Amino acid sequence: MKEKRNILIAFILNLLFSVFELLGGILTGSVAILSDALHDVGDATSIGVSFFMENKSKRPPDNQYTYGYARYSALGSLFTTLILVFGSLIVIYNAVLRIISPVVIDYNGMIVFAVVGVIVNFIAALFTRKGKSLNQKAVNLHMLEDVFGWLIVLIGAIVMRFTDFTLLDPILSIGVAIFICIHAVKHLTQTCKLFLDKTPDGISVTELTKSVCAIDGVIDAHHVHVWSIDGQNHCATLHIVTDQNAHEIKYKVRELLQTFAIVHVTIEVETANEHCDEKTCRTPQSIYKHCHHH
C-alpha cells in the first residue's frame, strides 16, 4: 500500500508542476523549460498509468491469471520507460530548432522556475526512492532524472545570466535528453528481458542445478527453467531423479531454491530407471553431468 501511495504522490506533484512549467516556459522563453514541461506531462501520464498498474498487480491469482497480476507492474514500467524515451527525442528535436532560431530568454525567471523544479522533483524522488518492482524503479528513475535535469537548467540559467550565451539553453537540453534516453533504454532492456522470460539477473542455472544435485538423495536434475514474474518474484520448474522419499527430497529442493529468491517451484520427481521424454528441454550436458556422483 505504501508503494502505491508514494506513486500517487509522485503523480500529483508531477501533474501540478507540469502546468507550472508550461506557464514558466512561455513566460521565460526557455526551450529547456518548455521541453521539460512537455516531458513532465508525459511523466505525469505514465506515472498515472503506473499507479493503476501497480494497484492491479496486487490482485491475487485467479482462473484468468493463474500466476497472479504481478506482471502488470512490469507492464507499467514498460509504458513509463517508452514515454521517457519518446519525450527525450521530442526535447532533442525542439532544442535543435531553437539552436537554428534563437530567441530572447528571461534568465531571472528561468532561475526561479529551476529552483522550484529541483525542490518539487527532489520531494517526489524521496517518496519513490525505496521502490523494489521494475515499475516503482521506473517511476523513481523519472524523478531522479528530473532533479538532475532541473539542476542543469539552473546552472545553465545562472551562466547565461552573466554571459548572455543563449545557445547554452538548447545545448544543455540536448545533453540532459541524451543522458535520460541512455538510462531509459537500459531500463527498457531490463523490462523486455523480463517479458521474454530470461533467467533473472544474479541467478546462474548452472550453479542452481549443481546445488540441487548436491542434495543427498538427488541422482540427477534436468529440465530446469527459471524466470521472473515481475523482477522480484522468481519461478522455477525442474525434474528431479531420486530413489528416496519424494516428499523429503522436494522439501529440501524447495528450501534450497529459496536461497536463490525463487518463491514458486514446480517439481516433477522421476526414479532412476524412468525415462524422461523432455529431450528438447533437458539441461545441457555440461550442467547435469555433475549430478551423477551418488
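What this report covers is the structure whose coordinates are included nearby. Predicted model only: the values in this text are computed from it and were never measured. All residue numbers refer to position in the chain's written sequence, counted from 1. At least 70 in pLDDT is required for a residue's local features to be given in this predicted model, at least 80 for side-chain atom pairs to be given and counted, and no such filter applies to totals for whole chains, interfaces and linings, which use all residues. Side-chain descriptors were evaluated using all non-hydrogen atoms of the structure, hydrogens and water having been removed beforehand.

Description of the sheet that holds strand β1 (residues 220-228)
Spatially, the 3 strands line up as an open sheet ordered β1-β2-β3, and their pairing is mixed. Taken across any chain shown, the strands that pair with only one partner, and hence form the sheet edges, are β1 and β3 (262-270). Each strand axis lies, on average, 15° off the axis of its neighbour in the sheet, ignoring direction. Strands pair, by our definition, only if DSSP identifies at least two bridges between them. Secondary structure follows DSSP: runs of H or I at least 4 residues long count as helices, runs of E at least 2 residues long count as strands, and numbering of each begins at the N terminus. Across 8 bridges, the pairing between strand β2 (residues 234-241) and β3 is parallel. In the sheet register, V241 faces β3, and the bridge partner there is E270. Note on contacts: a residue pair is in contact if any heavy atoms of the two residues lie within 4.5 Å. Only C-alpha atoms enter the line fits that serve as axes; for helices the fit covers just the stretch in contact. Angles between N-to-C directions range over 0 to 180 degrees. Here helix α8 (residues 246-257) sits on the sheet in contact with β2 and β3, set at roughly 150° to β3.

Some words on the nonpolar core
To qualify as a nonpolar core, a set must consist of buried Ala, Val, Leu, Ile, Met, Phe, Trp, Tyr and Cys residues joined through side-chain atoms within 4.5 Å. Categorising residues by exposure relies on relative accessible area from a 1.4 Å probe, with only protein chains included: less than 20% of the type maximum marks a residue as buried, more than 50% marks it as exposed, and the intermediate range marks it as partly exposed. Counting residues in each nonpolar core, the largest one holds 19 residues, and the members touching the most others are L208, V212, L238, I240, V253, L257 and I262. Secondary structure elements with two or more residues in this core: α7 (205-213), β1, β2, α8 and β3. Setting aside residues up to four positions removed in sequence, L208 forms contacts with I203, V224, V226, L257, F260 and I262. Of all hydrophobic cores here, the second largest spans 14 residues; its members include Y107, A114, M160 and L168.

Focus on empty space enclosed by the protein
Cavity means a closed set of points on a 1 Å grid over the protein atoms alone, one where a 1.4 Å probe fits but cannot get out, pocket means an open set with protein on both sides within 12 Å along at least 5 of 7 lines, and lining means a residue has an atom within 4 Å of a point. Grid points are joined across faces, edges and corners, and a volume is the space filled by probe spheres set on the points. Summed over the entire model, instances satisfying the criterion amount to 2 cavities of 30 Å³ or more. Of the pockets and cavities examined, the second largest cavity occupies roughly 30 Å³. Every residue lining the second largest cavity is listed: R98, P102, V103, I105, T166, L167 and P170. Residue polarity follows a fixed list, in which Ala, Val, Leu, Ile, Met, Phe, Trp, Tyr, Cys and Pro are nonpolar, Asp, Glu, Lys and Arg are charged, and the others, Gly among them, are polar. Partitioning the lining of the second largest cavity into residue classes produces 5 nonpolar, 1 polar and 1 charged.

Structural notes on the packing of aromatic side chains
Aromatic pairing here means that ring centres of Phe, Tyr or Trp (its six-membered ring) are within 6.5 Å. Orientation follows from the plane angle: under 30 degrees is stacked, over 60 is edge-to-face, and everything else is tilted. Here the structure, examined in full by the defined rule, presents 4 aromatic pairs. Each member of the aromatic cluster is reached from another via a ring pair, and the members are Y65, Y69 and Y72. Here, a charge over a ring is recorded when the distance from Lys NZ or Arg CZ to the ring centre is within 6 Å and its angle to the ring normal is within 35 degrees. Cation over ring: K56 sits above Y72, and NZ or CZ is 5.1 Å from the ring centre. In this structure, R59 is placed above the aromatic ring of Y69, and the distance from its NZ or CZ to the ring centre is 4.4 Å.

Section: the pattern of salt bridges
In the sections that follow, a salt bridge refers to a side-chain nitrogen of Lys or Arg positioned within 4 Å of a carboxyl oxygen of Asp or Glu. What the rule picks out here adds up to 2 salt bridges. The partner of R71 in a salt bridge is D197, with the nearest N and O atoms 3.2 Å apart. One end of the pair, R71, is in helix α3 (residues 71-100); the other, D197, is in the loop between α6 (168-195) and α7, with 126 residues separating them in the sequence. You can call R71 partly exposed: its relative accessible area is 23%. Of the charged contacts in the structure, one is a salt bridge between D201 and K198, with a shortest N-O distance of 3.4 Å. Taking relative accessible area as the criterion, D201 reaches 63% and is therefore assigned exposed.

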